[in-house]
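A structural walkthrough
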Amino acid sequence: MHGFFREHFRMSFDSFQALCRIVSPFMAKRNTRFRAAVPIEKRVAIGLWRLGTGESYRSTSITFGVGKCTALNIVHDFIRALFHVREDYISFPTNGRELGNVMNKFELKYGLPQVAGVIDGSHVKIKAPQEDHEAYYNRKQCYSIVLQGVTDSECKFLDASAGYPGSVHDARIFRRSDLFRQISTGDIMGGTRVINNVNVRPYLIGDTAYPLRPYLMTAYHSGRLTPPQQRFNKVLTKLRVVVERAYGKLKMRWRCILKELEDDTQRVADITLACCILHNFCIIMGGDFDDSDEDESSDDDDDDGREDDDEGQEIRRALTEYLSQ
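In short, a report on the structure. (Residues numbered from 1 in each chain as written. Predicted model: local features only at pLDDT ≥ 70, side-chain atom pairs only at ≥ 80, totals over all residues. Heavy atoms only, no water.)

1. Observations concerning the overall build of the protein chain
The helix and strand inventory of the protein chain stands at 12 helices and 7 strands. If you line up the protein chain on its principal axes, its C-alpha atoms span 75 × 45 × 35 Å. Per-residue burial over the protein chain gives 52% buried out of 325 residues. In the protein chain, the share of contacts with a sequence separation of at least 24, taken over all contacts with a separation of at least 6, comes to 70%. Accessible area of the protein chain: about 15,400 Å², with a carbon and sulfur share of 45%. Averaged over its 44 positive side-chain charges, the protein chain has a centre that lies 5 Å from the centre of its 46 negative ones. (Helix = DSSP H or I, 4+ residues; strand = E, 2+ residues; numbered from the N terminus. Buried < 20%, exposed > 50% of the residue type's maximum accessible area, 1.4 Å probe, protein only. Contact = heavy atoms within 4.5 Å. Areas by Shrake-Rupley, 256 points an atom, 1.4 Å probe, with all protein chains shown as cover. Lys, Arg positive; Asp, Glu negative; His and termini not counted. Charge placed at Lys NZ, Arg CZ, Asp CG, Glu CD.)

2. Concerning the pattern of salt bridges
According to the stated counting rule, one finds 8 salt bridges in the structure shown. The closest approach of N and O atoms between Asp77 and Arg80, which form a salt bridge, is 2.3 Å. With Asp77 and Arg80 both in helix α5 (residues 68–84), this residue pair falls 3 residues apart, about one helical turn. The exposure class of Arg80 is partly exposed, given its relative accessible area of 44%. Here Arg181 ties to Asp187 by a salt bridge, and the two come within 3.8 Å at their closest N and O atoms. By relative accessible area, Asp187 is classed as partly exposed at 41%. Members of the salt-bridge network, linked through shared partners, are Arg43, Asp77 and Arg80. (Salt bridge = Lys/Arg side-chain N within 4 Å of Asp/Glu carboxyl O.)

3. Some details on the packing of aromatic side chains
The tally for this structure, following the rule as stated, stands at 14 aromatic pairs. Ring centres of Phe174 and Tyr210 lie 6.2 Å apart, and the angle between their planes is 85°; this geometry places the pair in the edge-to-face category. Taken together, the residues Phe174 in helix α8 (residues 170–176) and Tyr210 in the loop between β6 (203–205) and β7 (216–217) connect sequence positions 36 residues apart. Taken individually, Phe174 and Tyr210 each receive the classification buried, so the pair is uniform in this respect. Judged by centre distance (6.4 Å) and plane angle (45°), the ring pair of Phe174 and Tyr215 falls under tilted. In this pair, Phe174 is assigned in helix α8 and Tyr215 in the loop between β6 and β7, connecting sequence segments 41 residues apart. Residue Phe174 shares its accessibility class with Tyr215, and that shared class is buried. The rings of Phe9, Phe13, Phe16, Trp49 and Phe64 are connected pair by pair, giving a single aromatic cluster. A cation over an aromatic ring shows up here: Arg50 above the ring of Tyr57, its NZ or CZ 4.0 Å from the ring centre. Here Arg316 stacks its cationic end above the ring of Tyr220, 4.1 Å away from the centre of that ring. (Phe/Tyr/Trp six-rings, centres within 6.5 Å; stacked < 30°, edge-to-face > 60°. Lys NZ or Arg CZ within 6 Å of the ring centre and 35° of its normal.)

4. Thoughts on the environment of Ala246
One can find Ala246 in helix α10 (residues 227–253). Between the C-alpha atoms of Ala246 and Ile283, which are 37 residues apart in sequence, the distance is 11 Å. Dropping the residues within four chain positions of it, Ala246 is found in contact with Thr151, Cys155, Phe157 and His279.

5. Notes on the nonpolar core
In globular proteins that are soluble, nonpolar side chains generally tend to be buried together. Within the largest apolar cluster, 96 residues are counted, with the highest numbers of intra-cluster contacts made by Leu19, Val44, Leu48, Phe92, Leu112 and Leu204. The biggest single contributor to this core is helix α11 (residues 265–284), with 11 residues. (Core = buried A, V, L, I, M, F, W, Y, C linked by side-chain atoms within 4.5 Å.)

6. Side note on the packing of helix α3 (residues 40–53) against α5
In the contact formed by α3 and α5, the axes pass within 9 Å of each other and the chain directions differ by 90°. What the angle tells us is that α3 and α5 run roughly perpendicular. Along the contact surface, α3 presents Arg43, Val44, Ile46, Gly47, Leu48, Arg50 and Leu51, while α5 presents Ala71, Ile74, Val75, Asp77 and Phe78. Of the residues belonging to the contact of α3 with α5, the class tally is 8 nonpolar, 1 polar and 3 charged. (Axes fitted to C-alpha atoms, helices over the stretch in contact; angles between N-to-C directions. Parallel < 35°, antiparallel > 145°, perpendicular 65-115°, else oblique. Nonpolar A, V, L, I, M, F, W, Y, C, P; charged D, E, K, R; others polar.)

Structure below.
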């Protein structure tokens, strides 16, 4: 039983039962005089099957003995139910204790203080949209939306947003995001720690697609680097693997986002975020998934005209010195 559920529904039977209890208030149906309602367990199973296998609505309906429209509506209900509990599973730390816990785990694993998360983007394939389809055509020569994610040291998403056109650069997506607004207004990642006589606030780790800022650390550009700078870059490389592993686990577990889905663009964005919620739910429930740790990212290595600011450079120098002590 447990092996069957893990293979086909991407989680243990215990996790499945817990998920049914969580979403039941938002998607359970009552029997009517004319028709018996589909039980909550079957409704959740249909939702998980669709997201876990990526099979079409028609194929899913045949598997579970329901009509195609019924299967489609159940999957949509399941996604809406997950959105009702989204903040219980994906929420950037807003108080010092929660943020401190995230930063302490990063420092214990990688030796770098004040890391609040690792950010990157990942493409999710879509059908060519009827409107503005050029904007969704990415440099991998396919149509996609971008998922922007920030993960902690355990590959759990602290923040996730999806739906940006595939041609948009990671740095530009970040500047447009609600996450950036929260950082800018001080709603998250507040406080400082003195490191080598420099006040260092909590910061994210990103690749060189992002600009160097006090709240976002990137590697030194390749060239004639000093040994401490090389050491700093190596640590950042290890940290960036965390978010890439998270994307790999997400897409291997919820295979629908490996495929070009038949849904419209906005629906694909909702499905993608629903998969992120389920990803975190499974980690919290203790159900890791080791099918693959392959890296998946948006591969935006160019700098989009980035300019590193002075305060960011000062903080990076302090962190570089800290790692060399």
